[in-house]
Amino acid sequence: MPRLFIPPLLKPYCKGAAEVVVEGTTVREAVESLDELYPGVKERLCPEGTLRAGLAVTVDQNVTPRGLSQKVTSESEIHFLPAIGGG
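Here goes a summary of the coordinates provided.

What counts, and at which threshold
Residues numbered from 1 in each chain as written. Predicted model: local features only at pLDDT ≥ 70, side-chain atom pairs only at ≥ 80, totals over all residues. Heavy atoms only, no water. Helix = DSSP H or I, 4+ residues; strand = E, 2+ residues; numbered from the N terminus. Rg over C-alpha atoms; globule rule 2.2 N^0.38 Å. Salt bridge = Lys/Arg side-chain N within 4 Å of Asp/Glu carboxyl O. Buried < 20%, exposed > 50% of the residue type's maximum accessible area, 1.4 Å probe, protein only. Polar contact = N/O pair within 3.5 Å; in protein donor to acceptor, adjacent residues only side chain to side chain. Contact = heavy atoms within 4.5 Å. Core = buried A, V, L, I, M, F, W, Y, C linked by side-chain atoms within 4.5 Å. Arc of directions from axis to C-beta.

### Some points on the overall build of the protein
In step 1: When you go through the protein residue by residue, the secondary structure sums to two helices and five strands.
In step 2: When the helices and strands of the protein are listed from N to C terminus, the series reads β-β-α-α-β-β-β.
In step 3: Relative to the compact-globule value of 12 Å for 87 residues, the protein shows a C-alpha radius of gyration of 12 Å, a close match.
In step 4: Projected onto the principal axes, the alpha-carbon positions of the protein cover approximately 40 × 25 × 25 Å.

Given below as structure tokens:
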């Protein structure tokens, strides 16, 4: 099952967990699985059903433009990072 790494600001809502093994074949399903374990986390990561502004998602060390739609495998690692803008 994929491993989802908890962003530091969300650890208090996840009882201090740094990472959680979740179910799912997409990032969205993994977040929904996380929300089953820690209700309310999904709303903090994905208000209105989309990834929070200012966040990027990486799957297996690759930033994905597909966001919540990105496919994951049972061996995947999912991270949420602050998005970096260029200028």
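### Topic: the pattern of salt bridges
Side-chain pairs of opposite charge can arise where the charged atoms are in close proximity.
In step 1: Across all of its chains, the model carries three salt bridges by this definition.
In step 2: Residue Arg 3 pairs with Glu 77 through a salt bridge whose shortest N-O separation is 2.3 Å. Here Arg 3, found in strand 1 (residues 3–5), pairs with Glu 77, found in strand 5 (residues 77–82); they are 74 residues apart in sequence, far enough to count as distant.
In step 3: The exposure class assigned to Arg 3 is partly exposed, which follows from its relative accessible area of 29%.
In step 4: Notably, a salt bridge pairs Lys 42 with Glu 32, separated by 3.5 Å at the nearest N-O pair. Taken together, the residues span a long stretch of sequence, with Lys 42 in helix 2 (residues 41–45) and Glu 32 in helix 1 (residues 27–37) at a distance of 10 residues.

### Quick word on the side chain of Thr 64
In step 1: Its place among the elements puts Thr 64 in the loop between strand 4 (62–63) and strand 5.
In step 2: Side-chain polar atoms of Thr 64 contact the backbone nitrogen of Arg 66, separated by 3.0 Å.
In step 3: Residues contacting Thr 64, with those up to four places away along its chain left out, are Val 57, Val 59 and Gln 70.

### Topic: the nonpolar core
In a soluble, globular protein the nonpolar side chains are often hidden away together inside.
In step 1: Counting 21 residues, the largest nonpolar core has Leu 4, Val 27, Val 31, Leu 34, Leu 45, Ile 78 and Phe 80 as the members making the most contacts within it.
In step 2: Listing elements by their share of this core, those giving two or more residues are helix 1, helix 2, strand 3 (55–59) and strand 5.
In step 3: Considering each element in turn, this core owes the most residues, four residues, to helix 1.
In step 4: Setting aside its immediate chain neighbours within four residues, Leu 4 contacts Ala 18, Glu 19, Val 20, Val 22, Ala 30, Val 31, Leu 34, Ile 78 and Phe 80.

### Quick word on helix 1
In step 1: Within helix 1, burial applies to Val 27, Ala 30, Val 31, Ser 33 and Leu 34. Looking down the long axis of helix 1, one finds its buried residues gathered within 160° of arc, a one-sided arrangement.

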